[in-house]
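# Descriptive structure summary
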Amino acid sequence: MEEKKQKVYWFVPIIILAVILVAYFYEWDLGAKNNPEVTAYNVIDLAEIVNSQIDSGKDKGSFYISGITEEELTQINDYVCSVNGMVDRYVINTKSGKKQKITFHYEISDNYYVKEKYLNGVEIPSDRPMAYKLYEKTVEIIDSIIKPGMTDYEKELAIHDYIVANCKYGQKDESKEYGFRAYGCLVQGIAVCNGYAEAMSLLLTCAGVENGIMTGSAGEELHAWNIVKIDGQWYQVDATWDDPVPDTGDFVSHTFFNITDDMMDDTHSWNEELYEQCKGKTYNYYDYNGYVYEYSDLEKVVTDAAMRDITGELEFVVTDYDESLYTYDFINNIPGINSISHVVQPMGNNHVIIIYLN
């Protein structure tokens, strides 16, 4: 009996060691199998899960990943496109070859608390004073520009036009970081592209219009803009590039309002794997409003505009633009017009022309 007890005691440490070894070598496999919702085999899928966690307000999240490089982890915010926050840092908990268990720690933005307060009545934490100011401004703006019965297109247009008319491109010296946020665009009235994009996304979300933020490059610089879903179709919209520099006051351009991927590809670049394909054409600003002409229409279009406002601006698309043939000599026949200036922007197969009278 005593010998049997000794044999049992001898096996105990072996069993414990075996359990430890199994747990060590198979922890990732067991964890991934039991937690498929936080398991990713490429950075695109990982970013999608991270986006959903940030959008739900989580402050951190653990993941089982395989085949994702350290460089991709370091640059994860290049793949994460959430108006509600970003990845602050990450920790590798365990690693075995290409398999890793990691934890991301998130920085949740004021936009998240504003959205939750506006849509769900969740109180803003007392330690987020800027979120209170942003919330108050958001309510003020939506109450002033969004009316009952508006379509999603009308809401989007109102939000786009408000931002372009009321925000200047740039940063305030005393608070440069705000220029990259919706706070800078909406509260301070000055922001760079990321601030424009965040402001568009925040207001669209509060107005009930599905949207997202895109990041990439434009004009050989890092850039941010938006995608929006109208009647089941996705469009790209860039409020920053619709805001002339230097600022022209109340004039709002719509060159980059609701355009397709193919049209935006002329001036912008982005990782196509990260975003919805934008192929919608119905709600392009010029098509929807009937501002598409040929050169033979130009004199009448400009004359009619001058009759309404001799110092105004007009914008439209032409389908047969030819720099060698297009002239504005007819301007001399319109009473009250002394001079004009104009901008021509290639857009897909057509050209957008913006004319400034006097």
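So, a few notes on the structure that sits alongside this text. (Residues numbered from 1 in each chain as written. Predicted model: local features only at pLDDT ≥ 70, side-chain atom pairs only at ≥ 80, totals over all residues. Heavy atoms only, no water.)

## Thoughts on the overall build of the protein
Scanning the protein from terminus to terminus reveals 11 helices and 15 strands. Relative to the compact-globule value of 21 Å for 358 residues, the protein shows a C-alpha radius of gyration of 27 Å, a clear excess of over 25%. Taking the principal axes of its C-alpha atoms as reference, the protein extends roughly 120 × 45 × 40 Å. Within the protein, contacts between residues separated by at least 24 positions form 60% of all contacts whose residues are at least 6 apart in sequence. Entry remark: accessible area of the protein is about 19,100 Å², with carbon and sulfur atoms responsible for 50%. Counting 27 positive and 58 negative side-chain charges, the protein places the centres of these two groups 15 Å from one another. (Helix = DSSP H or I, 4+ residues; strand = E, 2+ residues; numbered from the N terminus. Rg over C-alpha atoms; globule rule 2.2 N^0.38 Å. Contact = heavy atoms within 4.5 Å. Areas by Shrake-Rupley, 256 points an atom, 1.4 Å probe, with all protein chains shown as cover. Lys, Arg positive; Asp, Glu negative; His and termini not counted. Charge placed at Lys NZ, Arg CZ, Asp CG, Glu CD.)

## Quick look at the sheet that holds strand 3 (residues 85–96)
One open sheet holds the 4 strands; their spatial order is 1-2-4-3, and the pairing between them is mixed. In this open sheet, the two strands that pair with only one neighbour each are strand 1 (39–40) and strand 3. Taken together, the 10 bridges between strand 3 and strand 4 (residues 99–108) define a ladder with antiparallel strand orientation. For Arg 89, the partnering residue across the bridge sits in strand 4 and is His 105. Where helix 2 (residues 43–55) meets the sheet, its contacts fall on strand 1, strand 2 (60–66), strand 3 and strand 4, and the angle it forms with strand 2 comes to roughly 170°. (Pairing = 2+ DSSP bridges. Axes fitted to C-alpha atoms, helices over the stretch in contact; angles between N-to-C directions.)

## Details of the pairing of strand 9 (residues 233–237)
Of all 5 residues in strand 9, 4 are buried, a share of seventy percent or more. Sheet analysis places strand 8 (residues 221–230) next to strand 9, joined by 5 bridges and oriented antiparallel. From the neighbouring strand, Lys 229 faces strand 9, where its bridge partner is Trp 234. Counted between consecutive antiparallel strands, the loop separating strand 8 from strand 9 contains 2 residues, among which Asp 231 sits at a positive phi close to 50°. Relative to strand 10 (residues 257–259), strand 9 is paired through 2 bridges, and the arrangement is antiparallel. Bridge assignment links Val 237 to a residue of strand 10, and that residue is Phe 257. (Buried < 20%, exposed > 50% of the residue type's maximum accessible area, 1.4 Å probe, protein only.)

## Brief notes about the sheet that holds strand 13 (residues 313–318)
An order of 12-13-15-14 is seen for the 4 strands of this open sheet, with the pairing classed as mixed. The open sheet has two free edges, formed respectively by strand 12 (292–293) and strand 14 (340–347), since each of these has just one partner strand. Summarising the sheet, strand 14 and strand 15 (residues 350–357) pair through 8 bridges and their orientation is antiparallel. Residue pairing for strand 15: His 342 is matched across the bridge by Ile 355.

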